[in-house]
Amino acid sequence: MDIRLVIGGLFLVYGVILIVAGVFGTPVNLWTGISMAVVGGLFLVWSRIRPI
């Protein structure tokens, strides 16, 4: 198991949670959630493109 999958998955899940919280609350959560979801997606793509 690759650690990038775990890190990417956690960033993606927490990012989606913050996006939902940002839609109904403060915009800081929205921007933080978007950036975390992007980073999580990049980690997942990275683990797909260059497996160990």
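Residues numbered from 1 in each chain as written. Predicted model: local features only at pLDDT ≥ 70, side-chain atom pairs only at ≥ 80, totals over all residues. Heavy atoms only, no water.

**Q** Got a sec to walk through the overall build of the chain? Specific residues and values, please.
**A** When you go through the chain residue by residue, the secondary structure sums to 2 helices and 0 strands. Its C-alpha atoms give the chain principal-axis dimensions of about 40 × 15 × 10 Å. Classification of the 52 residues of the chain by burial places 19% in the buried group. Intrachain contacts of the chain at a sequence separation of at least 6 include 58% that bridge at least 24 residues. Of the roughly 3,900 Å² of accessible surface on the chain, 79% is carried by carbon and sulfur atoms. (Helix = DSSP H or I, 4+ residues; strand = E, 2+ residues; numbered from the N terminus. Buried < 20%, exposed > 50% of the residue type's maximum accessible area, 1.4 Å probe, protein only. Contact = heavy atoms within 4.5 Å. Areas by Shrake-Rupley, 256 points an atom, 1.4 Å probe, with all protein chains shown as cover.)

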